[in-house]
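Chains, contacts and geometry: an overview
For reference, the chains in residue letters:
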Amino acid sequence: QVQLEESGGGLVQAGGSLRLSCAASGSIFSINAMGWYRQAPGKQRELVASITNRGNTDYADSVKGRFTISRDNAENTVYLQMNSLKPEDTAVYYCNAGVFTSPLRLNIYWGQGTQVTVSS
């Protein structure tokens, strides 16, 4: 089994910063893409940012220029640096990873979610 352990959520004022971390552990052969999703009450879960194992990134338009996704392949960890936070960034943030548990077996794993609340 693979586990994704998230940390870094919390309460911050508008304009502030937070850094989310997500570390994968377990029976890992390799990790493909990793990403962060978020879901606000009454809204669909949306992709915030993703990063491939080669470092290619993708961002939601709403966070471009403010958020930065990065990863440490040696530590199987993905980060989301969130700057210039806005109240509309308030959501539960979920870590996501495509993990090979063997050379030909890829499964998608999710973290349990961490609350990010941005106050005005």
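Residues numbered from 1 in each chain as written. Predicted model: local features only at pLDDT ≥ 70, side-chain atom pairs only at ≥ 80, totals over all residues. Heavy atoms only, no water.

**Topic: the pattern of salt bridges**
Side-chain pairing between opposite charges can occur once the charged atoms of the two side chains come close. Counted under the stated rule, the structure contains four salt bridges. The partner of Arg-38 in a salt bridge is Asp-89, with the nearest N and O atoms 3.0 Å apart. Highlighted residues: Arg-38 in strand β4 (residues 30–39) and Asp-89 in the loop between β8 (77–82) and β9 (91–102), separated in sequence by 51 residues. Under the relative-accessibility criterion, Arg-38 is labelled buried at 6%. Asp-89 gets classed as buried once you look at its relative accessible area, which sits at 1%. A salt bridge links Arg-66 to Asp-89, with the nearest nitrogen and oxygen atoms 2.8 Å apart. Separated by 23 residues along the polypeptide, Arg-66 in the loop between β6 (57–59) and β7 (67–72) and Asp-89 in the loop between β8 and β9 bring together distant segments of the chain. Summarising the burial analysis for this pair, Arg-66 and Asp-89 share the class buried. (Salt bridge = Lys/Arg side-chain N within 4 Å of Asp/Glu carboxyl O. Helix = DSSP H or I, 4+ residues; strand = E, 2+ residues; numbered from the N terminus. Buried < 20%, exposed > 50% of the residue type's maximum accessible area, 1.4 Å probe, protein only.)

**A look at a nonpolar patch on the surface**
Judged by side-chain polarity, Leu-106, Ile-108 and Trp-110 come together as a nonpolar surface patch covering roughly 290 Å² of accessible area. In this structure, Trp-110 sits in strand β10 (residues 105–110). For Trp-110, a relative accessible area of 38% puts it in the partly exposed group. (Patch = residues over 30% accessible without salt bridge, like charges linked within 9 Å, V, L, I, M, F, W, Y side chains within 5 Å. Areas by Shrake-Rupley, 256 points an atom, 1.4 Å probe, with all protein chains shown as cover.)

**Re the environment of Val-2**
With respect to the secondary-structure elements, Val-2 resides in strand β1 (residues 2–7). Between the C-alpha atom of Val-2 and that of Ile-28, which follows or precedes it by 26 residues, the distance is 7.0 Å. Non-local contacts of Val-2, meaning those with residues more than four positions away in its chain, are made with Ser-25, Ser-27, Ile-28, Val-99, Thr-101 and Tyr-109. (Contact = heavy atoms within 4.5 Å.)

**Observations regarding the packing of aromatic side chains**
Applying the stated rule across the entire model yields one aromatic pair. The ring of Tyr-94 has Arg-45 sitting right over it, with the charged end atom 3.8 Å from the ring centre. The side chain of Arg-45 reaches across the aromatic face of Trp-110, ending 4.8 Å from its centre. (Phe/Tyr/Trp six-rings, centres within 6.5 Å; stacked < 30°, edge-to-face > 60°. Lys NZ or Arg CZ within 6 Å of the ring centre and 35° of its normal.)

**Topic: the environment of Tyr-79**
Relative to the elements of secondary structure, Tyr-79 occurs in strand β8. Distance in space between the C-alpha atoms of Tyr-79 and Asn-32 is 15 Å, their sequence separation being 47 residues. Contact partners of Tyr-79, with chain neighbours within four places excluded, come to Arg-19, Leu-20, Ser-21, Trp-36, Thr-68, Ile-69, Ser-70 and Asp-72.

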